[in-house]
2 protein chains.
Amino acid sequence: MQLFLGIDGGGTGCRAAVADAAGVIRGRAAVGPANIASDPVGAAANIMAAAEAALAAAGGGVVVAAGLGLAGANAAGAPERLRAVLPWSRMAVVTDAITAVKGALGDGDGVVAALGTGSVFAVQRAGAIRQIGGRGLVLGDEASGAWIGRAMLTAALRAVDGFTAMTPLLAGLVDEMGGPDGVVAFSLRARPADFAALAPRVVESDDPAAVAVMDRAEADVAEAVAVLRGAQDLPVVFLGGLGTVFAQRMAGRFPIRAPAGTALHGALLLAREVA
Amino acid sequence: MQLFLGIDGGGTGCRAAVADAAGVIRGRAAVGPANIASDPVGAAANIMAAAEAALAAAGGGVVVAAGLGLAGANAAGAPERLRAVLPWSRMAVVTDAITAVKGALGDGDGVVAALGTGSVFAVQRAGAIRQIGGRGLVLGDEASGAWIGRAMLTAALRAVDGFTAMTPLLAGLVDEMGGPDGVVAFSLRARPADFAALAPRVVESDDPAAVAVMDRAEADVAEAVAVLRGAQDLPVVFLGGLGTVFAQRMAGRFPIRAPAGTALHGALLLAREVA
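Cut-off values and rules
- Residues numbered from 1 in each chain as written.
- Chains lettered and ligands numbered in written order.
- Predicted model: local features only at pLDDT ≥ 70, side-chain atom pairs only at ≥ 80, totals over all residues.
- Heavy atoms only, no water.
- Helix = DSSP H or I, 4+ residues; strand = E, 2+ residues; numbered from the N terminus.
- Contact = heavy atoms within 4.5 Å.
- Areas by Shrake-Rupley, 256 points an atom, 1.4 Å probe, with all protein chains shown as cover.
- Lys, Arg positive; Asp, Glu negative; His and termini not counted.
- Charge placed at Lys NZ, Arg CZ, Asp CG, Glu CD.
- Domains from an automatic or database assignment.
- Least-squares fit on C-alpha atoms with pLDDT ≥ 70 in both.
- Buried area = accessible area lost by both parts, 1.4 Å probe.
- Salt bridge = Lys/Arg side-chain N within 4 Å of Asp/Glu carboxyl O.
- Polar contact = N/O pair within 3.5 Å; in protein donor to acceptor, adjacent residues only side chain to side chain.
- Buried < 20%, exposed > 50% of the residue type's maximum accessible area, 1.4 Å probe, protein only.
- 1 Å grid on protein atoms, 1.4 Å probe; cavity = no way out; pocket = protein on both sides within 12 Å on 5 of 7 lines; lining within 4 Å.
- Points joined across faces, edges and corners; volume = space filled by probe spheres on them.
- Nonpolar A, V, L, I, M, F, W, Y, C, P; charged D, E, K, R; others polar.
- Pairing = 2+ DSSP bridges.
- Axes fitted to C-alpha atoms, helices over the stretch in contact; angles between N-to-C directions.
- Right-handed = clockwise from strand over helix to strand, strands pointing away.

## What about the overall build of chain A?
Now for step 1: Helices and strands together make up the secondary structure of chain A, namely 11 helices and 10 strands.
Now for step 2: By its C-alpha atoms, chain A is 70 × 40 × 30 Å across when sized along the principal axes.
Now for step 3: A sequence separation of at least 24 residues applies to 62% of the contacts in chain A between residues at least 6 apart.
Now for step 4: Accessible surface, chain A as shown: approximately 11,300 Å² in total, 55% of it carbon and sulfur.
Now for step 5: When the 21 basic and 24 acidic side-chain charges of chain A are each reduced to a single mean position, those positions are 7 Å apart.

Below, the structure written as structure tokens:
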């Protein structure tokens, strides 16, 4: 049987699926991490292990083409090094962000807003994908969970300093961290995930400071979506842990669709494209 | 001879001066660093060495009272530990930010805007000092050199993404760092001083992106000064490497004064207060 292979590999795990010519998934498997920038040898081994397990689950077959969406694929030289050690002659290697977009949109044109610990936005037009944002918390990641948490701590210190009114939520954050100096100390050691851990209590709060931060976040999402849609009335798919929060807030501003599939579906679509 | 001792100690050096009852400085000295939070033993030794050298330069005398402005004096317990090992019975220990404010304003009421790698603002009313800002680059330090440099890199990536128009200065920064991914990589390893190193080419540029960043910085300085002045027409003293830049930009918005003296002068004023 001729099969298409899809690989979705990231820092925590590597998933594989094989589908037949009709697009029906015949076998799946999941193994350990596959970041081709930080661990190219381990990633290649896990990719092969996942592929072989998925083929075995399908009862065997021949891989016609492979689509791989992998963390670290944007590192210079990493995709080329990987292709040299993998056996498939027809193969495409892209970042896992690209396969997430392809999976979310399928073949159709549209915009993806991915909002989790970080944030990234993309548009697909006639199969071509353009990505913006996703620059990390220091310079970007607007409206992400980390951005929301950090914005609340900034607001808390500005209230302490008398720039704005203190609110119950801000006072609670300052108190919890041991006062303003504790907030500063937290900020100096916090990774993005630590800031993002503050977001859940912000996104649904009616505290005035939380409302102000979420209004700014929504404006940033709207601006990114507007840049990507241009003059077209493209649908928007929200992904990530905060995706549903913004989808609910922004309903009616543009057509919002549920994701068509996962990043693994996107990898299978990629495999069909290169076949 | 009865003398007042002033100490200005920071991460790079410790300066001492002794002044007579008329306020005339009779002896000065400078030795190695004195950060009482990160190196309390070394700081105490350098403070004593600086004090003894200044007294020797004055031809001897008796210390009536000591004023110490020291980096790390805001760390819990640090001032108390230091006082226990120093010989002067009348002694005040504050942060070097406080003695900088006292030195800049002398006995008069006024506002200090200190803008270097970081930023901090303070008001003195009838000898009482209130400080705002100075929270570090992650959560604050608005209008500082580090803030200006980081804002330019954020603007550069937003221009790359199509949010705003690309400008010559932004394109030059992106090119210099090896493209957008290089900008992100720089941001992940940069300390505040690394961002601040980008500021000099921004502050005097007529590039539209630089003008926009400096306008935002000036608005942030104006807001902090307004919070501290309240309804009073207090004079403003600008300190730090970027102090003259903002003093020139903001001339006419409020009375601007040159600093009355240095942090060491502030420490001598503090000594007279506790005498």
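## A look at the domain arrangement of chain A
Now for step 1: Assigned domains of chain A: these are domain 1 (2-106 + 260-274) and domain 2 (145-257).
Now for step 2: On a C-alpha basis, the centroid separation for the pair domain 1 of chain A and domain 2 of chain A is 34 Å.

## Digging into the relation of the copies chain B and chain A
The operation linking the two copies of the chain is a rotation about an axis combined with a translation along the axis.
Now for step 1: Mapping chain B onto chain A leaves a residual RMSD of 0.1 Å; the transformation is a rotation of 180° accompanied by 0.0 Å of translation along its axis. This pairing of chains is accounted for by a two-fold axis. When C-alpha positions in chain B are compared against the rotation axis, the closest is assigned to Val-138 of chain B, at 4.0 Å.
Now for step 2: When the interface residues of chain B are mapped onto chain A, 100% of them are again interface residues, pointing to one common binding face.

## With respect to the interface of chain B and chain A
Now for step 1: Chain B puts 27 residues into the contact, and the matching count from chain A is 27 residues.
Now for step 2: Note on chain B versus chain A: buried area summed over both sides is about 2,300 Å², and carbon and sulfur give 55% of it.
Now for step 3: Taken together, the links from chain B to chain A amount to 6 salt bridges.
Now for step 4: Among the ionic pairs, Asp-161 of chain A bridges to Arg-135 of chain B, the shortest N-O distance being 2.7 Å.
Now for step 5: Linking chain B with chain A are 11 residue pairs in polar contact (both at pLDDT 80 or more).
Now for step 6: Counting only elements with at least two residues in the side of chain B that touches chain A, the list comes to strand 8 (128-133), helix 4 (145-160), helix 6 (180-189) and helix 9 (208-229) of chain B.

## Examining the pattern of salt bridges
Any two side chains of opposite charge can pair, so long as their charged atoms come close to each other.
All names here are of chain A.
Now for step 1: Applying the stated criterion to the full structure yields 24 salt bridges over all chains.
Now for step 2: The partner of Arg-229 in a salt bridge is Asp-233, and the shortest N-O contact between them spans 2.6 Å.
Now for step 3: We classify Asp-233 as exposed; its relative accessible area is 62%.
Now for step 4: A single network of salt bridges, built from pairs that share partners, joins Asp-215, Glu-218, Arg-249 and Arg-253.

## Quick look at the side chain of Thr-99 of chain A
All names here are of chain A.
Now for step 1: Along the polypeptide, Thr-99 turns up in helix 3 (residues 96-105).
Now for step 2: Under the relative-accessibility criterion, Thr-99 is labelled buried at 0%.
Now for step 3: Non-local contacts of Thr-99, meaning those with residues more than four positions away in its chain, are made with Leu-68, Gly-69, Val-94, Thr-262, Ala-263, Gly-266, Ala-267 and Leu-270.

## Considering empty space enclosed by the protein
It is the rolling of a water-molecule-sized probe over the atoms that shows where space remains empty.
Now for step 1: Under the definition given, this model contains 2 cavities of 30 Å³ or more.
Now for step 2: Along the walls of the largest cavity sit 17 residues, with Gly-133 and Glu-142 of chain A together with Arg-158, Asp-161 and Phe-163 of chain B positioned nearest its centre.
Now for step 3: Counting only elements with at least two residues in the lining of the largest cavity, the list comes to strand 7 (119-125) and helix 9 (208-229) of chain A together with helix 4 of chain B.
Now for step 4: Split by residue class, the lining of the largest cavity holds 5 nonpolar, 5 polar and 7 charged.
Now for step 5: In this model, the second largest cavity occupies a volume close to 120 Å³.
Now for step 6: What lines the second largest cavity is a set of 14 residues, and nearest its centre among them are Arg-158, Asp-161 and Phe-163 of chain A together with Gly-133 and Glu-142 of chain B.
Now for step 7: When contributions to the lining of the second largest cavity are tallied by element, the ones reaching two or more residues are helix 4 (145-160) of chain A together with helix 9 of chain B.

## Quick notes on unusual backbone geometry
Now for step 1: One non-glycine residue, Asp-141 of chain A, adopts positive backbone phi at about 60°.
Now for step 2: A residue is classified by how much of its surface remains accessible, and Asp-141 of chain A, at 10% relative accessible area, is buried.

## Some thoughts on the environment of Glu-142 of chain A
Now for step 1: Tracing the sequence through the fold places Glu-142 of chain A in the loop between strand 8 (128-133) and helix 4.
Now for step 2: Sequence spacing of Glu-142 of chain A and Leu-115 of chain A is 27 residues, and the spatial spacing of their C-alpha atoms is 9.0 Å.
Now for step 3: In this structure the side chain of Glu-142 of chain A is engaged in a polar contact, spanning 3.5 Å, whose partner is the side chain of Arg-158 of chain B.

## Describing the sheet that holds strand 4 (residues 62-70) of chain A
Residue and element names in this part refer to chain A.
Now for step 1: Within the open sheet, the 5 strands sit side by side as 3-2-1-4-5. Their pairing is mixed. Strands at the two margins of the open sheet, each flanked by one partner only, are strand 3 (25-31) and strand 5 (91-94). Between one strand axis and the next, the sheet turns by 15° as a mean value, whatever way the strands run.
Now for step 2: With 6 bridges connecting them, strand 2 (residues 14-19) and strand 3 associate as antiparallel partners. Pairing of Cys-14 across the sheet is with Val-31, part of strand 3.
Now for step 3: Against the sheet, helix 1 (residues 40-57) makes contact with strand 1 (2-9), strand 2, strand 3 and strand 4, and its axis sits at roughly 145° relative to strand 3, the strand it touches most.
Now for step 4: Each of strand 4 and strand 5 is contacted by helix 2 (residues 78-85), which is oriented at about 150° to strand 5, the strand it contacts most.

## Regarding the side chain of Asp-161 of chain A
Now for step 1: If you trace the backbone, Asp-161 of chain A turns up in the loop between helix 4 and helix 5 (168-176).
Now for step 2: On the basis of relative accessibility, which here comes to 5%, the residue Asp-161 of chain A falls in the buried class.
Now for step 3: With residues near it in sequence (within four places) discarded, Asp-161 of chain A still touches Arg-130, Gln-131, Ile-132, Gly-133, Arg-135 and Val-227 of chain B.

## Things to note about the environment of Pro-87 of chain B
Now for step 1: Position of Pro-87 of chain B among the secondary structure elements: in the loop between helix 2 (78-85) and strand 5 (91-94).
Now for step 2: Put simply, Pro-87 of chain B and Thr-99 of chain B are 12 residues apart on the chain and 21 Å apart in space, counted from C-alpha to C-alpha.

## Notes on the pairing of strand 4 (residues 62-70) of chain B
Residue and element names in this part refer to chain B.
Now for step 1: Counting buried positions over the 9 residues of strand 4 gives 7, a clear majority of the element.
Now for step 2: Strand direction decides the pairing type here: strand 1 (residues 2-9) and strand 4, joined by 8 bridges, are parallel. In the strand pairing of strand 4, Ile-7 is matched with Leu-68.
Now for step 3: Bridging between strand 4 and strand 5 involves 4 bridges; their strand directions are parallel. Bridge pairing in strand 5 links Ala-66 to Met-91.
Now for step 4: Of the crossover connections in this fold, the one passing from strand 4 over helix 2 to the parallel strand 5 is right-handed.

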